[in-house]
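Structural description and commentary
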Number of protein chains: 2
Amino acid sequence: MNDTISLLMNHRSIRKYSNQPVSEEQLRAVVAAGQMASTSSNVQAYSIIAVTSQEKKQRLAELAGNQAYIVECPVFLVWCADLFRLKKSTDALSADQETYEDSTENFIVATVDAALAAQNAAIAAESLGLGIVYIGGVRNAIAEFSEVLELPELVYPVFGMCLGYPDQKPGLRPRLPMEAVLHRDRYEREAVEEVKNYDRISSEYLSKRTQGKNNTPWSELMAKRLAEPVRLHMKDFLEGKGFMRR
Amino acid sequence: MNDTISLLMNHRSIRKYSNQPVSEEQLRAVVAAGQMASTSSNVQAYSIIAVTSQEKKQRLAELAGNQAYIVECPVFLVWCADLFRLKKSTDALSADQETYEDSTENFIVATVDAALAAQNAAIAAESLGLGIVYIGGVRNAIAEFSEVLELPELVYPVFGMCLGYPDQKPGLRPRLPMEAVLHRDRYEREAVEEVKNYDRISSEYLSKRTQGKNNTPWSELMAKRLAEPVRLHMKDFLEGKGFMRR
């Protein structure tokens, strides 16, 4: 195993940050690494809002689920799928021509572009000794969240990412057995046995992490999650922003 | 700059592979690194189909745009957003209960999960001296493509990824100036000036890469792309597979 793979295998999400600042140089190195990720046909259909204003982080944290670490981390990055820049850059060249920025295909392209760039940035950050955690809560009150950041049409926050020096070292969270996610030549199995094994492993892990207070197996946690009517505003919100209208 | 950041900054997509095989050990290291990427609430809502059968690669290549490198690369990975495993794992626990695997929110979660895992895998592969290229063409004839891989409902191929030893060393493709994608505390600008600069840079790069045959600036390429009615079947296909019905 080389150093890079060792780094990847040791990822843990960080939810407690020291007050050591992140330098401008570090931030630029992290973003530059993000920019070098693959992008569909070079569209680069994403933008990043680096939030460092305490007041703004406080407001965004309230909208995203009130996690303290959004306020505590020195830099809160908001990763946005962005077809607005593309549209604006090409408007003058597309006069009187139909364009398809509103297709579900382009919505996927922009969302994936944002995710690939973000994951590169996450790894660059961890290689510098920084920690990160992804924040899906940016989609909780996504309309207000977007307003605070003044996001135009054809831009939506896919997720946030806290960035800072770790002030904790959580255990490594075990993943599904590889055979549950890796198939050969065709979709081979429902992975019933693999999930059963994982239920045992994940229950032990959770029990250890909570000093015995919680040992709910993975599939029970997931059943609860799938039964929650979470963020059902997304479809209307995205269509309202000009995404995936067809 | 450390070795990991140096690796990230030197990414180029590889479209020509030697016939040196990828070992099972390497494949497992790449997938294991993918599995350690962040995942929304630990749902791990993705699956990977590793295609090594020549016949199947040939068939998939025909459906994905006929790129020779899909057939030539020793392993073709198809990264799928997968809510099927989640649904099946929790069905028995959710009897008589409404569930929301069909929400746009869960569609985003699964798509992002697949992308984060894939990008980790890409970096692990490159750290081992392998090369990769993402293949959006898996969405060209997505219904037939899914049939060949026997993908069930609530699973869709987000992109493919060729994996193998590089037999070329393309130049580094310049990205948009950082100021075009990085904003501070709010969405600050339309990036008109930055795009103008990039048009010059990308035109020079393309001219060099094509020995002067093509120097179309980025915004012109993008205008052409946005005007193409590409993959307009995606919305219907995804809804048919049980995704983003609400």
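Structural notes, computed from the coordinates.

Reading guide: rules and limits
- Residues numbered from 1 in each chain as written.
- Chains lettered and ligands numbered in written order.
- Predicted model: local features only at pLDDT ≥ 70, side-chain atom pairs only at ≥ 80, totals over all residues.
- Heavy atoms only, no water.
- Buried < 20%, exposed > 50% of the residue type's maximum accessible area, 1.4 Å probe, protein only.
- Helix = DSSP H or I, 4+ residues; strand = E, 2+ residues; numbered from the N terminus.
- Pairing = 2+ DSSP bridges.
- Least-squares fit on C-alpha atoms with pLDDT ≥ 70 in both.
- Contact = heavy atoms within 4.5 Å.
- Axes fitted to C-alpha atoms, helices over the stretch in contact; angles between N-to-C directions.
- Buried area = accessible area lost by both parts, 1.4 Å probe.
- Salt bridge = Lys/Arg side-chain N within 4 Å of Asp/Glu carboxyl O.

Okay, the pairing of strand E1 (residues 46-51) of chain B next. Counting buried residues along E1(B), six of its six residues qualify, which places the element largely inside the surrounding structure. Of the two faces of E1(B), both are covered, the one formed by B:Tyr46, B:Ile48 and B:Ala50 as well as the one formed by B:Ser47, B:Ile49 and B:Val51. Bridge count for strand E5 (residues 182-184) of chain A against E1(B) is three bridges, and the pairing is parallel. Within the sheet, the bridge partner assigned to A:Leu182 lies in E1(B) and is B:Ile48.

With that settled, the discussion passes to the relation of the copies chain A and chain B. In the superposition of chain A on chain B (RMSD 0.0 Å, axial shift 0.0 Å), the rotation amounts to 180°. Expressed as a symmetry operation, the mapping of one chain copy onto the other fits a two-fold axis. Here 100% of the interface residues in chain A have copies in chain B that are interface residues too; the copies meet face to matching face.

This part takes up unusual backbone geometry. A positive phi angle, close to 50°, is found at A:Ser41, a residue other than glycine. Tracing the backbone shows A:Ser41 in the loop between helix H2 (24-35) and strand E1 (46-51). One non-glycine residue with positive phi stands out, namely B:Gln211, at about 50°. Among the secondary structure elements, B:Gln211 is positioned in the loop between helix H9 (192-209) and helix H10 (218-226).

Once that is clear, we can look at the sheet that holds strand E5 (residues 182-184) of chain B. If you walk across this open sheet you meet the five strands as E3(A)-E4(A)-E2(A)-E1(A)-E5(B), and the pairing is mixed. Single-partner strands in this sheet number two, and they are strand E3 (131-135) of chain A together with E5 of chain B. Strand after strand, the sheet turns through a mean of 25° between neighbouring axes, direction not considered. Along the sheet, helix H3 (residues 54-64) of chain A makes contact with E1, strand E2 (75-82) and E3 of chain A, crossing E1(A) at roughly 115°.

Below, the discussion takes up the interface of chain A and chain B. In this assembly, 115 residues from chain A lie in contact with 115 residues from chain B. Roughly 10,200 Å² is buried in total at the junction of chain A and chain B, and carbon and sulfur atoms are behind 61% of that figure. In terms of surface lost to chain B, no three residues of chain A exceed A:Met36, A:Tyr187 and A:Leu226, which account for 9% of the buried area on that side. Counting the contacts that link chain A with chain B gives twelve salt bridges. For the side of chain A that touches chain B, the element with the highest residue contribution is helix H6 (residues 104-127) of chain A, accounting for 15 residues.

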